[in-house]
Amino acid sequence: MVVFAVAGLLLAAATGLASAQADEPAAVPPQRVVSMNLCTDQLAMMLAARGQLISVSDLAADPDTSPMHEQGRNYPANHGGAEEIYLLRPDLVVAGTYSDPTVVAMLRRLGIRVAQLDIVRTLDEVPERLATMGALLGRQDAAAAQIADFDAALAALSAPPDGPRAAFYFPNGYTLGTGTLSHDILTTAGYRHIADELGRSASGRLALELLIIADPEFVITSSPYPGASRSEALLEHPAFAAVVGARGAFISSNDWICGTPLVLNALRDLVEARE
Amino acid sequence: MRVFVILSALVVILFGASLLIGPAGFGPAESLRALLGEQGDAVTLVMREIRLPRAILGVMVGISLGLSGAALQGYLRNPLAEPGLIGVSGSAALGAVIALQTGVAASFALALPLAALTGALIAVFLILALAGPRGGSLTLILAGIAISALAGALTSLALNLSPNPFAVSEIIFWMMGSLADRSFTHVWLALPFMAVGWVLLARLGRGLDALTLGEDAAEALGIRLDRLRLMLVLGVAASVGAATAVAGAIGFVGLVVPHMLRPFVGARPGALLWASALGGAAMVLAADIAVRLVLPDRDLQLGVLMAIVGAPLFLHLIYKTRRQL
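Everything quoted here is computed from the prediction, not taken from an experiment.

Novice: Hey, could you go over the overall build of chain A for me, with residue numbers and the actual values?
Specialist: Secondary structure summary: chain A contains 13 helices and 11 strands in total. Computed over C-alpha atoms, the radius of gyration of chain A comes to 21 Å, within 12% of the 19 Å expected from 2.2 N^0.38 for 275 residues, which places it in the range of a compact globule. Residue burial in chain A is summarised as follows: out of 275 residues, 40% are buried. Once local pairs closer than 6 in sequence are excluded, the contacts in chain A between residues at least 24 apart make up 60%.

Novice: An account of the overall build of chain B is requested, with residue identities and associated values reported.
Specialist: Scanning chain B from N- to C-terminus turns up 15 helices and zero strands. For 325 residues, the compact-globule formula gives about 20 Å, and the C-alpha radius of gyration of chain B, at 19 Å, lands near that figure. Dimensions of chain B, computed from C-alpha atoms along their principal axes, come out at roughly 65 × 50 × 35 Å. When each of the 325 residues of chain B is scored for burial, the buried share is 52%. For chain B, long-range pairs separated by at least 24 residues make up 79% of all intrachain contacts whose partners lie at least 6 apart in sequence.

Novice: Give a description of the interface of chain A and chain B that names residues and reports values.
Specialist: Residue-level contacts link 22 residues of chain A with 23 residues of chain B. Within the residue set of the side of chain A that touches chain B, elements represented by two or more residues are helix 10 (208–214), helix 11 (230–233) and helix 12 (238–244) of chain A. At five residues, the largest contribution of residues to the side of chain A that touches chain B is made by helix 10 of chain A. Of the residues belonging to the side of chain A that touches chain B, the class tally is 13 nonpolar, four polar and five charged.

Novice: How would you summarise the packing of helix 6 (residues 111–131) of chain B against helix 9 (residues 184–202) of chain B if you had to cite specific residues and measurements?
Specialist: All names here are of chain B. Packing of helix 6 against helix 9 brings their axes to within 9 Å, and their N-to-C directions diverge by 40°. When the axes of helix 6 and helix 9 are compared, the pair comes out oblique. Where helix 6 crosses over helix 9, the handedness of that crossing is right-handed. Contacts from Leu-112, Pro-113 and Leu-117 of helix 6 reach helix 9 at Leu-189, Ala-190 and Phe-193. Broken down by class, the residue content of the contact of helix 6 with helix 9 amounts to six nonpolar, no polar and no charged.

Novice: Account for the nonpolar core, with residues named and values stated.
Specialist: The biggest cluster of nonpolar side chains holds 105 residues, and the ones touching the most others in it are B:Ala71, B:Ala96, B:Ala120, B:Val124, B:Val236 and B:Ala242. With near-sequence residues (within four places) excluded, B:Ala242 lies in contact with B:Ser64, B:Pro113, B:Ala116, B:Leu117, B:Ala190, B:Phe193, B:Met194 and B:Gly197.

Novice: Please set out the domain arrangement of chain A residue by residue, giving values where relevant.
Specialist: Residues and elements named next belong to chain A. With domains assigned, chain A is organised as domain 1 (28–154) and domain 2 (165–274). The C-alpha centroid of domain 2 is placed 28 Å from the C-alpha centroid of domain 1. At the junction of the two partners, domain 1 supplies 20 residues and domain 2 supplies 16 residues. Elements with a minimum of two residues in the side of domain 1 that touches domain 2: helix 2 (38–47), helix 6 (125–137) and helix 7 (140–157). Counting residues per element, the side of domain 1 that touches domain 2 draws most heavily on helix 2, which supplies five residues. For the side of domain 1 that touches domain 2, the per-class residue count stands at 11 nonpolar, five polar and four charged.

Novice: I'd love a proper account of the packing of helix 4 (residues 88–102) of chain B against helix 7 (residues 137–160) of chain B, names of residues and values included.
Specialist: Residues and elements named next belong to chain B. Across the interface, helix 4 lies against helix 7 with an axial gap of 8 Å and an inter-helix angle of 20°. Judged on the interaxial angle alone, helix 7 and helix 4 are roughly parallel. Here the hand of the crossing between helix 4 and helix 7 comes out left-handed. Side by side, helix 4 and helix 7 meet where Gly-90, Ser-91, Ala-93, Leu-94, Val-97, Ile-98 and Gln-101 of the first sit next to Ile-147, Ser-148, Ala-151, Gly-152, Leu-154, Thr-155, Ala-158 and Leu-159 of the second.

Novice: Residue-level account of the sheet that holds strand 6 (residues 165–168) of chain A, with values.
Specialist: Across the sheet, four strands lie side by side as 8-6-10-11 (chain A); this open sheet has parallel pairing. A single partner strand is all that each edge strand has here, and the edge strands are strand 8 (192–193) and strand 11 (250–251) of chain A.

Novice: So what about the sheet that holds strand 5 (residues 114–117) of chain A? Which residues, and what values?
Specialist: Each strand in a sheet pairs with its neighbour through backbone hydrogen bonds, running either in the same direction (parallel) or in the opposite one (antiparallel). All names here are of chain A. Spatially, the five strands line up as an open sheet ordered 3-2-1-4-5, and their pairing is parallel. With partners counted over all chains shown, the strands left at the sheet margins are strand 3 (77–78) and strand 5, one partner each. Where strand 4 (residues 92–96) lies against strand 5, four bridges are found, and the strand directions are parallel. Across the sheet, Ala-95 pairs through a bridge with Gln-116, a residue of strand 5. Contacts from helix 5 (residues 101–109) reach strand 4 and strand 5, with the element oriented near 150° to strand 5. Seen against the sheet, helix 6 touches strand 1 (33–35), strand 4 and strand 5 and runs at an angle of roughly 170° to strand 5.

Novice: An account of helix 1 (residues 2–20) of chain B is requested, with residue identities and associated values reported.
Specialist: All names here are of chain B. With 19 residues, helix 1 extends 27 Å from end C-alpha to end C-alpha; this agrees with the ideal 27 Å at 1.5 Å per step. Those residues of helix 1 that sit buried are Leu-7, Val-11, Leu-14 and Ser-18. Take helix 1 and look down its axis: the buried residues cluster within an arc of 75°, on one side only. Set apart from the buried face of helix 1 by more than 90 degrees, the exposed residues are Arg-2, Val-5 and Ala-9. Buried residues along helix 1 sit against helix 3 (42–76) and helix 14 (269–294).

Novice: Which residues make up helix 7 of chain B, and what values do they have?
Specialist: All names here are of chain B. With 24 residues, helix 7 extends 34 Å from end C-alpha to end C-alpha; this agrees with the ideal 34 Å at 1.5 Å per step. Buried within helix 7 we find Ser-137, Leu-140, Gly-144, Ile-147, Ser-148, Ala-151, Thr-155, Ala-158 and Leu-159. Buried residues along helix 7 sit in contact with helix 3, helix 4, helix 6, helix 8 (171–176) and helix 15 (302–321).

Novice: Got a sec to walk through the confidence of the model for chain B? Specific residues and values, please.
Specialist: All names here are of chain B. The predicted model of chain B averages 90 in pLDDT, with 97% of residues at 70 or higher. When mean pLDDT is compared element by element in chain B, helix 9 scores highest at 96, while helix 2 (residues 28–36) scores lowest at 81. Interface scoring of the predicted complex returns ipTM 0.83; its pTM is 0.85.

The rules behind these values
Residues numbered from 1 in each chain as written. Chains lettered and ligands numbered in written order. Predicted model: local features only at pLDDT ≥ 70, side-chain atom pairs only at ≥ 80, totals over all residues. Helix = DSSP H or I, 4+ residues; strand = E, 2+ residues; numbered from the N terminus. Rg over C-alpha atoms; globule rule 2.2 N^0.38 Å. Buried ≥ 20, exposed ≤ 12 C-beta atoms within 10 Å, placed from the backbone. Contact = placed C-beta atoms within 7 Å. Nonpolar A, V, L, I, M, F, W, Y, C, P; charged D, E, K, R; others polar. Axes fitted to C-alpha atoms, helices over the stretch in contact; angles between N-to-C directions. Parallel < 35°, antiparallel > 145°, perpendicular 65-115°, else oblique. Left-handed = near helix turned anticlockwise from the far one by under 90°. Core = buried A, V, L, I, M, F, W, Y, C linked by C-beta atoms within 7 Å. Domains from an automatic or database assignment. Pairing = 2+ DSSP bridges. Expected span 1.5 Å × (residues − 1). Arc of directions from axis to C-beta. pLDDT = per-residue confidence, 0-100.

Right under this line is the structure:
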């Protein structure tokens with residue numbers, strides 16, 4: 001058993017080394033960087049030198065999903081297609097792990113360097129992503145400064161876990177499990193997440209009945225999109241209104257979506273909502 | 001009379017079962033106490049605001065579809081006539097989707113069922129105009145296919161054009177139907193229209209019985225055929241329109257139920273009307289219980305289950321009537 005554990009550790013260390021090498025700064029920092037994912041857009045806009053970032057995804061300028069939409073409007077938008085990204089002649093493309101794999105594969109076949117950043121599942125991973133993006137762009141100093149600010153602000157906002165019992169409830173009855181960034185934001189702000197009581201580590205549908213029986217004191221939902229949908233109509237159900245109570249549901253902003261230092265705004269909103 | 005008692009008992013039992021079955025499992029005694037007892041706690045909220053409206057809607061939608069199927073089959077003297085198959089439900093869904101996506105449904109409360117009713121009305125008129133008074137199977141089915149396809153395509157288009165990212169995934173709801181997460185809002189929205197439709201259709205009994213002897217004989221018996229036809233069109237449109245507006249297009253109920261009950265009421269279209277109303281209610285309740293038992297965590301659509309039961313029967317009926325085709 002011990003042998004296996006040691007072997008596992010060695011393996012982990014070796015792969016850790018390998019990925020660290022992949023993030024090693026290039027001898028010359030890239031000059032034409034294209035981002036094709038909402039979250040890498042934000043990290044790149046925060047860290048890139050003037051003129052280094054030449055295009056961001058079209059979502060970056062969308063006020064519903066992007067907290068940096070005003071800044072996002074200053075960059076030409078791409079729509080995640082291999083052809084249009086290739087024609088921008090980038091020397092580095094930053095994408096998410098779940099970006100369209102056919103596009104990523106094609107860009108790599110065409111000889112373009114594509115770096116994929118994983119989804120952030122805990123607040124601890126935010127500094128890691130900042131460091132990775134800093135290394136990719138050759139902007140380690142800027143990243144280090146952001147990381148120091150983030151760590152200090154996070155420590156100041158962390159609260160003991162004695163807050164109200166809270167639940168996420170989105171259109172279609174979609175709720176978040178314990179293995180998500182939103183769960184970490186919620187619990188860091190001192191709330192107790194009902195997913196812990198229900199033992200739900202994965203996100204997914206939660207029947208309205210079960211939400212009512214769980215009886216949370218605080219419900220977090222999303223703001224409705226324009227147009228009508230049955231999925232969102234669930235949030236107008238009288239039983240949901242009764243659970244939410246007179247104070248109404250807390251609307252999660254676009255600061256919650258990506259694991260960037262902007263999650264501090266989400267955390268701050270939650271801490272204020274407690275008071 | 002025995003059929004009436006058996007069907008009523010079945011509806012009552014299934015209604016009770018529908019109230020007791022759900023993801024939050026609590027015992028029958030606790031459920032009943034919560035339903036009848038004092039307001040306040042979570043179980044009461046679940047019973048009164050989630051399960052009760054769902055079970056009531058199941059009954060209402062079932063009555064509407066069963067009654068409409070029996071009435072259409074009686075008038076056209078064709079066992080293949082059914083609101084879902086001839087495109088009435090699909091057109092009602094189109095009307096409802098247009099009302100929702102243009103925002104008309106939000107402007108005043110009755111806009112949604114009214115729009116669905118209008119969609120259904122257009123489809124019934126088209127079908128009756130095309131199929132003629134005798135309701136030949138070939139024209140009926142071909143016209144039904146064309147109207148269903150067009151309504152389905154336009155429904156998809158309207159949902160694809162919606163600025164709402166959830167709308168596209170709801171194409172399946174509008175085409176297959178579901179009673180999940182409906183509330184008393186939907187009950188009150190649909191009930192007035194359905195009630196009018198039920199009254200219109202229930203009064204067709206004598207006319208439909210007379211019509212089995214042929215148009216001339218029916219007129220000789222004092223049945224005014226143009227009036228009968230108008231009541232049928234309005235009754236089907238009102239009940240199917242309201243049902244579709246709140247529960248989506250649920251097919252095959254109006255086909256399966258009259259077919260199963262016809263031997264028990266002595267093949268009299270008039271008696272088949274109320275029998276099919278009760279049978280439809282039982283069928284929709286049973287299907288809605290089944291979708292909750294089969295896949296409790298997923299939103300399985302009612303129409304999926306109905307098609308699995310109904311489509312083989314439909315093929316069987318086509319096989320039997322193919323000589324007329």
